[in-house]
Each structure stands twice: as C-alpha cells, then as structure tokens.
Amino acid sequence: MNGEKKLILPEGYKTPLDIRETAVAIKKVKDHFERRLAMALNLTRVSAPLFVSPETGLNDNLNGIERPVAFDVKDLGHAPVEIVHSLAKWKRMALYRYGFHPGEGIYTDMNAIRRDEVLDNTHSVYVDQWDWERIVTKEERSKETLREMVEKLYRVFKDTEKLVTGTYPELRPTLPDEITFITAQELEDRFPKLSPKEREDAITKEKGAVFLMEIGKKLQSGEKHDGRAADYDDWSLNGDILFWFEPLQGALELTSMGIRVDGQSLLKQLEEKEETYKKDLEYHRMVLDNTLPLTIGGGIGQSRICMFFLQKAHIGEVQAGIWPKEMIETCHTHGIPLL
C-alpha cells in the first residue's frame, strides 16, 4: 500500500495556524500540559534511557511482533542494546531504585523509534510522549483508583484546551465536561457488527471523550479489541483515552494507561500469550517476588495532543519526520504542510 492510500484527506482542510504560529503553539501546549500533569498526579521529572539491554526484559514488546531498533556498543564488548519502544517497565524499576512511596510518582520525556509503524495521519516512526508512573498500595489496585486517575488526567486536558482556545480564537473547544467510561466488552455488545476501530469512532462521536477499559483480553466474540503486552498492564485494569477528532472524523487515542501487573496477573497473562519463558528475566522476577512496587502509569503522546489541540490533520504538521514520497506530495497538494 502506498502512502497516498493510507491518508485521510479532509475536504476543504485549511490549517488554522501557519507553520511559524504552529511552532510557537506547540511549545505553549507542551509546557502547559507538562506542568499541569506533574501537579495533578504528584509526579517528579526524571531522566530516562533511549536504549536498554535486551536481557533485562525492560523493553516494551508492544504487541509482540514489532522489531526494536538494535545496535552494538563498542566499549561494552559489542554487546547489543535496543532502542526503547516505551518505558512502561523501566519506570516501575526506577520508582523502586529511587525510593519513591505510595502516592508519589515520576514522569519523563520518552523518545522512541518504531520501525514497523504503518505511517498515516496519526502514526510516525518517531514516537514522543510523556511516560509517567505512580506507586499505589495493594488496596488501590482497583477500578476506582483507575477512574480517579483518568478523571484527574482529563482535567489536565480540559485545562489545556482552555489555554489554547483562549490564546487562539480561531480554535474552538470541543471536549465535553465529563469523560465517559466504557469497557471493551460493553462496546462490543453495543456495536457487535462493527470492527474495533469503527466501535471507537462510533462511541467517541457520540460522547466526545471516552475511556475505553479492559483492553488486551479476549471478548465474548473470541476476539481481542486490541493487543497488549502481557507484562506491564493488568488487562482488567487498563484502558485508552479517546477523543472525537473533527478534522479526521474519527477517534484519536491520546493516551494508553493502566494499573500494572502484580505477580498473579503477570503469570496469568504470560500463560495466555505463551510467553512464560520471560519469567526468568530480571524485571519479571522482581514482579513475581514482590520486589517492585505496585504502580499505575501510562504514556501520553506529545505530538498527538498537539494535533488535537491545534486541530491538525496530520501528525507531520507538528513533528518533523520521514514520510513516503507520495504522502508528502499528496499532503502538499491538499494544503497539509508537513514539517
């Protein structure tokens, strides 16, 4: 499939802000959102790795089929290292090593390369997001805690929207006052004839903002709504924040988050995905023997939130990247200026 076939080209699209105005606006959005995120969830900013050693088990395997970018390091005897896919597991290890306590957490700028990503309006080879993680108690490993964190995070989105629309009159607020909670099974029950993506589009068009819960396990149809790695989110206590995105007439995922696996859920999910060989990796052993703290966390796409708040039709309007030649030419023809 060439780049042009993957594109959504909004009819009559015209970017609300030119490239220079967009550059200024991106900085405003990111700075404001980052400050409000840290305050809302009681997070401390830390430095994070761009690459990890594969034998630690710290890299995020995503759906298990994506190939990490790997290279060898001369001064380590040419030992291989991998560019991170995300920091889902590294953050939990950091909370343990740095001596954080329940109710406290960390966040960091996460940069990754996903070589197997399918390039379209919302996906790039380069991934930039805020990864955050916060310690919870055993009693807080619950749907109530998950909902509470989602609602706190949603207030950050609402507050950022207020800043953006107050600064740029040409941009209008679209988020509802409250976010709707629904499970993947409830969504399948409601729209049984639609594909998972079509279900997301349908519910977000109706509600405006949705937290879609319990992603990764099989539904009653025998299918999964979407794939999830077995070793970081508890599939019963996770979800995605989705907003209706007018320029592309569909759901836009802004963040994936969840309460992380404990020993019991880790074993269950590894068995379901036939990945029990991972039990001997350092990270997995530390979960199984209760060395690592119980946590909740997620990743928030920085370019995605800029797309949403600045009403851009392509992620390449807020992020310098690499695109197929056909995609670049088609975007130029249709008034979508890629950086």
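Use the structure listed above.
Residues numbered from 1 in each chain as written. Predicted model: local features only at pLDDT ≥ 70, side-chain atom pairs only at ≥ 80, totals over all residues. Heavy atoms only, no water.

**Some thoughts on the packing of helix 2 (residues 19-41) against helix 4 (residues 143-167)**
Two elements in contact, helix 2 and helix 4, have axes separated by 9 Å at closest approach and are oriented at 150°. Regarding the angle of helix 2 to helix 4, the classification is roughly antiparallel. Helix-helix and strand crossings are classified by hand; for helix 2 and helix 4 the assignment is right-handed. For the pair helix 2 and helix 4, the contacting residues are Lys28, Val29, His32, Phe33, Arg36, Leu37, Ala40 and Leu41 in the first and Met149, Lys152, Leu153, Val156, Phe157, Asp159, Thr160, Leu163, Val164 and Thr167 in the second. For the contact of helix 2 with helix 4, a count of residues per class yields eleven nonpolar, three polar and four charged. (Axes fitted to C-alpha atoms, helices over the stretch in contact; angles between N-to-C directions. Helix = DSSP H or I, 4+ residues; strand = E, 2+ residues; numbered from the N terminus. Parallel < 35°, antiparallel > 145°, perpendicular 65-115°, else oblique. Left-handed = near helix turned anticlockwise from the far one by under 90°. Contact = heavy atoms within 4.5 Å. Nonpolar A, V, L, I, M, F, W, Y, C, P; charged D, E, K, R; others polar.)

**A few points about the packing of helix 2 against helix 9 (residues 302-310)**
Two elements in contact, helix 2 and helix 9, have axes separated by 10 Å at closest approach and are oriented at 115°. For the pair helix 2 and helix 9, the sense of crossing is right-handed. Residues Thr22, Ala25, Ile26, Val29, Lys30 and Phe33 of helix 2 form the contact with helix 9, whose participating residues are Gln302, Ile305, Cys306, Phe309 and Leu310. Tallied by class, residues from the contact of helix 2 with helix 9 come to eight nonpolar, two polar and one charged.

**A short note on unusual backbone geometry**
Positive phi, normally seen in glycine, also occurs at His78, with a value near 65°. Position of His78 among the secondary structure elements: in the loop between strand 3 (70-73) and strand 4 (79-83). Positive phi, normally seen in glycine, also occurs at Gln249, with a value near 50°. If you trace the backbone, Gln249 turns up in the loop between strand 9 (233-245) and strand 10 (250-260).

**Looking at the packing of aromatic side chains**
On inspection of all chains with the given rule, the structure shows ten aromatic pairs. For the ring pair Phe157 and Phe309, a centre distance of 6.4 Å and an interplane angle of 35° mean the geometry is tilted. Here the residue Phe157 occupies a position in helix 4, and Phe309 occupies one in helix 9, the gap between them amounting to 152 residues. Grouping residues by exposure puts Phe157 and Phe309 together as buried. Through a chain of ring-to-ring contacts, the aromatic side chains of Phe33, Trp130, Tyr154, Phe157, Phe243, Phe245, Phe308 and Phe309 assemble into a single cluster. The ring of Phe181 has Arg147 sitting right over it, with the charged end atom 4.0 Å from the ring centre. (Phe/Tyr/Trp six-rings, centres within 6.5 Å; stacked < 30°, edge-to-face > 60°. Buried < 20%, exposed > 50% of the residue type's maximum accessible area, 1.4 Å probe, protein only. Lys NZ or Arg CZ within 6 Å of the ring centre and 35° of its normal.)

**Focus: a nonpolar patch on the surface**
A surface patch of nonpolar side chains, about 260 Å² in accessible area, is lined by Leu50, Phe51 and Phe71. The exposure class of Leu50 is partly exposed, given its relative accessible area of 40%. (Patch = residues over 30% accessible without salt bridge, like charges linked within 9 Å, V, L, I, M, F, W, Y side chains within 5 Å. Areas by Shrake-Rupley, 256 points an atom, 1.4 Å probe, with all protein chains shown as cover. Salt bridge = Lys/Arg side-chain N within 4 Å of Asp/Glu carboxyl O.)

**Describing the side chain of Thr160**
With respect to the element layout, Thr160 can be found in helix 4. By relative accessible area, Thr160 is classed as buried at 0%. Each residue touching Thr160, except ones within four places of it in the same chain, is listed here: Val29, His32, Phe33 and Phe309.

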